[in-house]
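Observations on the model geometry
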Amino acid sequence: MIDLYLCHGNVYVWNASAACDLRERHRIVGTFVGALPRLPRQNVRLGRPLQLMPEETTLLLNKGIARLLDGNIPPKTGEDAAQAVTEHRQQSFREQAEICRNDRKRKLHEMASVIAKGRAAKRKKLAQKEKADDESSSSVSTSDVTSSTWDEHEEEEEPRLSVEEMKELEAKLEKTTGYNEQAFLVQIMTEQVSEETQETIPWNYPTTDTEALRCHVFQDLWEKGYFLTSGGKFGGDFLVYPGDPFRYHSFYIAVCRPRTENMEALDIVRLGRLGSNVKKTVLLCSESETGEINYTSLQWTGMN
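Residues numbered from 1 in each chain as written. Predicted model: local features only at pLDDT ≥ 70, side-chain atom pairs only at ≥ 80, totals over all residues. Heavy atoms only, no water.

**Focus on the sheet that holds strand β3 (residues 31–34)**
Read across the sheet, five strands follow the order β3-β4-β2-β1-β5 without closing on themselves; strand pairing throughout is mixed. The sheet terminates laterally at β3 and β5 (66–70), the two strands that pair on one side only. Across the sheet, the mean angle separating the axes of adjacent strands is 40° when strand polarity is ignored. Relative to strand β4 (residues 47–52), β3 is paired through three bridges, and the arrangement is antiparallel. Bridging across to β4, F32 finds its partner in L50. (Pairing = 2+ DSSP bridges. Helix = DSSP H or I, 4+ residues; strand = E, 2+ residues; numbered from the N terminus. Axes fitted to C-alpha atoms, helices over the stretch in contact; angles between N-to-C directions.)

**Notes on the nonpolar core**
Residues L4, V13, I28, L52 and L60 are the most contacted members of the largest nonpolar core, which totals 33 residues. In terms of residue count, helix α7 (residues 209–223) provides more of this core than any other element does, six residues in total. Residues in contact with L4, not counting those within four places in the same chain, are V11, Y12, V13, L52, T57, L60, A66, R67, L68 and L69. The next biggest cluster of nonpolar side chains, apart from the first, holds 10 residues, and it includes L239, Y241, L271 and L298. (Core = buried A, V, L, I, M, F, W, Y, C linked by side-chain atoms within 4.5 Å. Buried < 20%, exposed > 50% of the residue type's maximum accessible area, 1.4 Å probe, protein only. Contact = heavy atoms within 4.5 Å.)

**Regarding the confidence of the model for the protein**
Looking at the protein as a whole, the pLDDT averages 84, with 87% of positions reaching at least 70. Long-range and interchain partners of residues 145–154, a stretch whose pLDDT sits below 50, account for six contacts in this model, where long-range means more than four residues apart. (pLDDT = per-residue confidence, 0-100.)

Right under this line is the structure:
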């Protein structure tokens, strides 16, 4: 059961897995209206919460897919709640510190061969310098021969760190590595974390005939396998997609009109030209006396 939260007349989904489940399994798209934590000063890409249309909420409640909870309940406060949050953050810090410590050890073992080669090269350089200082200028050729012999010997045996050297490096790593609690990730709670069960609240929608028609049209198109989003940008009630809006363009603009409402010719021409300009088909949706949804398509064909 997916939890929906009613807050100031709007319905939100805070849980990330629930938002994915709505889209992937139930073809409910919604609209993200929250700021991204790492990019709060922009509105090109938004994040949680996911705001649902009233028709989407009505469908989910009627199908038993979700339940509606009161989102205006303030979080619990007090010493016990503060202590629980503090303990949770300290536990998270310890877990992240352990992960960081293991990661640094893993990188140390990966770089062991590089460290060994560096130490070997340093020892070689010091040995060459000592020989150069001890020998006179007349024995330069002898020094060169010794150097070449050293290089051949180093090429034959690849230097490696001993077990004692690795333990020494790990001990130094523990001493020099500091873990600042302020530098670690902090979990931001987006819903009430409590074992107490919350009672559902009623959903008072639809309240008018127009809202009821929109809900019936939305449910009928949804049951036919379509994805639906708000159609306000295109002068309609819904945009109808054959698949996920991330992958497909909408095919239809659904306009809900009561079957007894009279439409002027100018309105029909306006809707037809609108659909033609945006390369979509306008659907006039109405409900018959038996409750069946009737669709009339408008396509602008021009004049010869």
